[in-house]
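The lines below spell out each chain.
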Amino acid sequence: MAIGDDAALQLVISLHRLTRSLRRSATAGSIQLTHISVLALLTQRGPSRIGEIAQWVPCSQPTATAAVLGLESAGLVRREADPKDRRASRVLLTEQGTAALTDVARGEAQVLARRLTALRPDEVRRLVEVEPLLRRLAEAGDRPVSGS
């Protein structure tokens, strides 16, 4: 089944609004949104160079550098020499960084759980059933998504 551009646009807008409101409600000053994005990307992609982080977030290289410096000073990431090019460095997630990201996700999940009480049980069930599809879309990246 094909989805029209308008329906896809509305879905994107709703997903952005939901994500933004969950982060705003759950994090309330604990970790900056750019820092959350960097931690999430390092969790997903593993050790990465600053340029790669800037590309994936997306943000400018100076913004990525500033985010990494802040995360590094908080002990959430560390740098090491890139084994492919010793002149460059890679950014790695620390155990503390993993724990911080998990705490943020738990906070967002708690806010979402409270909001789900406003829905009927059948609506909650439908949302939960959609999660594997959303994960597949997120993991697809630039690859075409195959049908079921």
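Residues numbered from 1 in each chain as written. Predicted model: local features only at pLDDT ≥ 70, side-chain atom pairs only at ≥ 80, totals over all residues. Heavy atoms only, no water.

A. Geometry of the overall build of the protein. Secondary structure summary: the protein contains six helices and two strands in total. Taken as a whole, the protein presents about 10,400 Å² of accessible surface, with 55% of it coming from carbon and sulfur. For the protein, the distance from the average site of its 21 positive side-chain charges to the average site of its 16 negative ones is 2 Å. (Helix = DSSP H or I, 4+ residues; strand = E, 2+ residues; numbered from the N terminus. Areas by Shrake-Rupley, 256 points an atom, 1.4 Å probe, with all protein chains shown as cover. Lys, Arg positive; Asp, Glu negative; His and termini not counted. Charge placed at Lys NZ, Arg CZ, Asp CG, Glu CD.)

B. Quick peek at the side chain of Glu108. Secondary-structure assignment places Glu108 in helix α5 (residues 95–116). Within the structure, the side chain of Glu108 is placed 3.3 Å from the side chain of Arg23, a separation counted as a polar contact. (Polar contact = N/O pair within 3.5 Å; in protein donor to acceptor, adjacent residues only side chain to side chain.)

C. Representation of helix α6 (residues 121–140) in the model. In a regular helix each residue adds 1.5 Å, so 20 residues correspond to 28 Å; α6 covers 30 Å between its end C-alpha atoms and thus fits that length. If you look at α6, its biggest bend is around 35°, right at Glu131, and the proline Pro132 turns up within four residues after that. Of the residues trailing α6, Gly141 is marked for its positive phi of about 55°. (Expected span 1.5 Å × (residues − 1). Bend = angle between axes of the 7 residues up to and from the residue.)

D. Here's a closer look at the pairing of strand β1 (residues 77–82). Pairing between β1 and strand β2 (residues 85–93): six bridges, direction antiparallel. Bridge assignment links Ala81 to a residue of β2, and that residue is Ser89. With antiparallel pairing between neighbouring strands as the criterion, β1 and β2 make up a hairpin whose turn holds two residues. (Pairing = 2+ DSSP bridges.)

E. Looking closely at the pattern of salt bridges. For the coordinates displayed, the defined rule picks out eleven salt bridges. In this structure, the salt-bridge partner of Arg87 is Asp85, at a minimum N-O distance of 3.0 Å. When the shortest N-O distance is used, the salt bridge between Arg135 and Glu131 registers 2.9 Å. Taken together, the residues Arg135 and Glu131, both in helix α6 and four residues apart, mark about one turn of the helix. Owing to a relative accessible area of 38%, Glu131 belongs among the partly exposed residues under this scheme. A single network of salt bridges, built from pairs that share partners, joins Arg49, Asp82, Asp85 and Arg87. (Salt bridge = Lys/Arg side-chain N within 4 Å of Asp/Glu carboxyl O. Buried < 20%, exposed > 50% of the residue type's maximum accessible area, 1.4 Å probe, protein only.)

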